[in-house]
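The primary structure of each chain is shown beneath.
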Amino acid sequence: MIRANDNYQKLQASYLFSDIAQRVALFQKNNPDTRIIRLGIGDVTRGLPPAVIKAFHEGVDEMADDATFRGYGPEQGYAFLREKIAAHDYQARGADISADEIFVSDGAKCDTGNFQELFAKDIKIAIPDPVYPVYLDTNVMAGRTGVFENGRYQNIVYMDCLRKNDFLPEMPKEPVDLIYLCFPNNPTGTCATKSELAAWVDYARQNQALILFDAAYEAFIRDDSLPKTIYEIDGAHEVAVEFRSFSKTAGFTGTRCGFTVVPKTCSVFTGEGEKISVHALWNRRQSTKFNGVSYPVQKAAEAVYSREGQAQVKELVSSYLQNADIICRTVEDLGYDYAGGKNSPYIWVDGQGRDSWEFFDLLLNQASVVCTPGGGFGRCGNAYIRISAFNSRKNVELAMKSIKEALK
Ligand code: MLT
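Residues numbered from 1 in each chain as written. Predicted model: local features only at pLDDT ≥ 70, side-chain atom pairs only at ≥ 80, totals over all residues. Heavy atoms only, no water.

Comments concerning the packing of helix H1 (residues 16–30) against helix H12 (residues 356–367)
Between two packed helices, both the angle of their axes relative to each other and the distance between the axes serve to describe the pair. At a closest axis distance of 11 Å, the pairing of H1 and H12 adopts a crossing angle of 35°. Of the two possible hands of crossing, H1 and H12 adopt the one that is right-handed. Contacts between H1 and H12 involve Leu16, Asp19, Ile20, Arg23, Val24 and Phe27 on the former and, on the latter, Trp357, Phe360, Asp361, Leu364 and Asn365. (Axes fitted to C-alpha atoms, helices over the stretch in contact; angles between N-to-C directions. Helix = DSSP H or I, 4+ residues; strand = E, 2+ residues; numbered from the N terminus. Left-handed = near helix turned anticlockwise from the far one by under 90°. Contact = heavy atoms within 4.5 Å.)

Some remarks on the side chain of asparagine 323
Among the structural elements, asparagine 323 can be located in helix H11 (residues 307–333). Within polar-contact distance, the side chain of asparagine 323 engages the backbone oxygen of asparagine 391 at 2.8 Å. Those residues within four positions of asparagine 323 in sequence are excluded, and the remaining contacts are Ala389, Asn391, Ser392, Arg393 and Val396. (Polar contact = N/O pair within 3.5 Å; in protein donor to acceptor, adjacent residues only side chain to side chain.)

Quick word on unusual backbone geometry
In most cases, non-glycine residues show a negative phi, while peptide bonds are predominantly trans. Proline 130 follows aspartate 129 through a cis peptide bond whose omega is 5°. Structurally, proline 130 is set in the loop between strand E3 (125–129) and helix H5 (133–141). Along the chain, phenylalanine 183 connects to proline 184 via a cis peptide bond; the corresponding omega equals -10°. With respect to the helices and strands, the residue proline 184 is situated in the loop between strand E7 (178–182) and helix H6 (194–206).

Observations regarding the sheet that holds strand E16 (residues 372–373)
Here we have four strands laid out as an open sheet, ordered E13-E14-E17-E16, and antiparallel in their pairing. Each edge of the open sheet is held by one strand with a lone partner, namely strand E13 (338–340) and E16. Taken together, the five bridges between strand E14 (residues 346–350) and strand E17 (residues 384–388) define a ladder with antiparallel strand orientation. Of the residues in E17, the one forming a bridge with tryptophan 348 is arginine 386. (Pairing = 2+ DSSP bridges.)

Keep in mind that these numbers describe shape and distance, not what the molecule does.
Set out below in structure tokens:
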């Protein structure tokens, strides 16, 4: 008899964003004439930048000609892209990361989900609450948790992110082996300073732990004093793996490309305490289970680093940041407490006593605006909603006008 992976039975009925999509589809079916504005899932709405599209087309044309055609590429990504990433995103910021420590992939969601495969089943994991659900759900699938009770899985060390600690994760009181961090944060939109990140790096070094650092939203950081990569912190290359994405930076949500940085100096340990290279493990995993990102997509991603590409992605991100500013001002005018929206595309809004799904339903029914209920990101999000700045200026303005009317 073919048996199911019992761990899947512990998961919540469906993935957060699928759940929301179903509710919105039902609302649209019942209200066919209502125009809904989506500020829920963080999906970009603007076209790919011209420099990216040009390189994408050229890559496709090369595939049509026997002389320039490419078959299987390197599982780790083409050198032309890995070298640009290492030079622009790391070496230019004084972070000592080399091209062969970059693993190009089809996005940060897959990599943050897959990375836990490298670790033992009985490690202690620390996860922020609220959190991007992928980190938690993939550990549930792998059998690292007990059952879900009172809004939490057993065997997970939850790090509460609340107003009283500026929505920054509390350091675990007990030793943990694996720590998930995300800055600028999804969903709260908060950022960590260099000294806050340095405290995490110290913790990981003292506890022989590893940090999985999700920096998918780094392009939104406009405050020069904030770290854009964890490798700006001394010692981080021994204890941190970093995930990046072209999705929000350059509009690649539908094109799919990201990368993971695994420094050769990062180690995990055998039961006997012998060091093993995380880089070697991830390389083994990727070369077995992954066949690389398509050549035209990697050419398109490379164009992000050209002079025109850099200017165009900067403008793209700025337009979403301006939307975020409009959302922040509306929320402020309405007298709601919020976090994020600066150096981040997400605004985390306190529901003034409402449950997050109740607030979600109110905005959908009264303002025809889709947000994300904070409870979907964890128990600490139950009193919040997340509003995303990813939409056109016109739609954000219309959405804010309807929200103002619905909440006044
Ligand atoms: C989100 O809305 O949290 C993100 O779009 C999800 C993702 O990037 O997978």
